[in-house]
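In case you want the letters, here they are:
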Amino acid sequence: SQPGDVCARAGCKDWSAAAASFALAVGKFSAIPSFDMLAMDQLWGGAYPDTEATASVTDWTTGRPSARYFVVQMLAAAFGTFAREFSLIKTDSGGSAAVFAQAYRAVGAPHNRLLLLVNMVESPINISAPSCGASSVWQGSTIDNDAGAFAPPRPRRVKSGERFVFGSLGVGVLTCDGSALAT
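Residues numbered from 1 in each chain as written. Predicted model: local features only at pLDDT ≥ 70, side-chain atom pairs only at ≥ 80, totals over all residues. Heavy atoms only, no water.

1. A word on a nonpolar patch on the surface
A cluster of nonpolar side chains, contributed by Phe29, Ile32 and Leu38, occupies part of the molecular surface with about 230 Å² of accessible area. Of note, Ile32 is situated in the loop between helix H2 (13–29) and helix H3 (67–79). (Patch = residues over 30% accessible without salt bridge, like charges linked within 9 Å, V, L, I, M, F, W, Y side chains within 5 Å. Areas by Shrake-Rupley, 256 points an atom, 1.4 Å probe, with all protein chains shown as cover. Salt bridge = Lys/Arg side-chain N within 4 Å of Asp/Glu carboxyl O. Helix = DSSP H or I, 4+ residues; strand = E, 2+ residues; numbered from the N terminus.)

2. A look at the packing of H2 against H3
Orientation of H2 relative to H3, taken along the N-to-C sense of each, is 25°, at an axis distance of 7 Å. Comparing their axes, H3 and H2 come out roughly parallel. As for the relative orientation of H2 and H3, their crossing is right-handed in sense. Where H2 abuts H3, its residues Trp15, Ser16, Ala18, Ala19, Phe22, Ala23 and Val26 lie against Ala67, Arg68, Val71, Val72 and Leu75. Per-class residue counts for the contact of H2 with H3 are 10 nonpolar, 1 polar and 1 charged. (Axes fitted to C-alpha atoms, helices over the stretch in contact; angles between N-to-C directions. Parallel < 35°, antiparallel > 145°, perpendicular 65-115°, else oblique. Left-handed = near helix turned anticlockwise from the far one by under 90°. Contact = heavy atoms within 4.5 Å. Nonpolar A, V, L, I, M, F, W, Y, C, P; charged D, E, K, R; others polar.)

3. Re the confidence of the model for the protein chain
Per-chain confidence: the protein chain averages 75 in pLDDT, with 67% of residues scoring 70 or above. Between residues 1–5, whose pLDDT stays under 50, and residues either more than four places distant or in other chains, the model counts 9 contacts. (pLDDT = per-residue confidence, 0-100.)

4. Points about unusual backbone geometry
With a phi close to 50°, Leu169 is a non-glycine residue in the positive phi region. Of note, Leu169 is situated in the loop between strand E7 (163–166) and strand E8 (171–175).

This is the structure we're talking about:
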């Protein structure tokens, strides 16, 4: 393989897996009261063969942003630097622990209720959207390996209790206060 043939050599799902892992880490660490920040390194990695292509958040030959880049962008747009309170929620994932879900109630933020979803497996999964209170609709952005490791986030709108397909190695950041998240 040539250095520019990144997907043939490394497999494009690796970017999606790294993005989902980072989102999972943010979700898990955010429940720790002393948690302040989690950073992602490697905006632009070194050249092949000295480093792995998927260590970079962009394709090192074209500069195209990868799933890793888009997840950081989605999380930064959603969570910013405002104070927040946390509460764990459960999801209906068909008896599987494949989906991580973390609900956030934000204080003084542009979005007062946020939901972080992470599909930790390499296959799509059916889940039910949790209750969203009076507004009854979650909306925001999702990415997944099914759309490709270099596909930008797609808008997602899901009603409370609605079952939907969450793509493989997917990450979603949704709000239920009636305003969509900007990415």
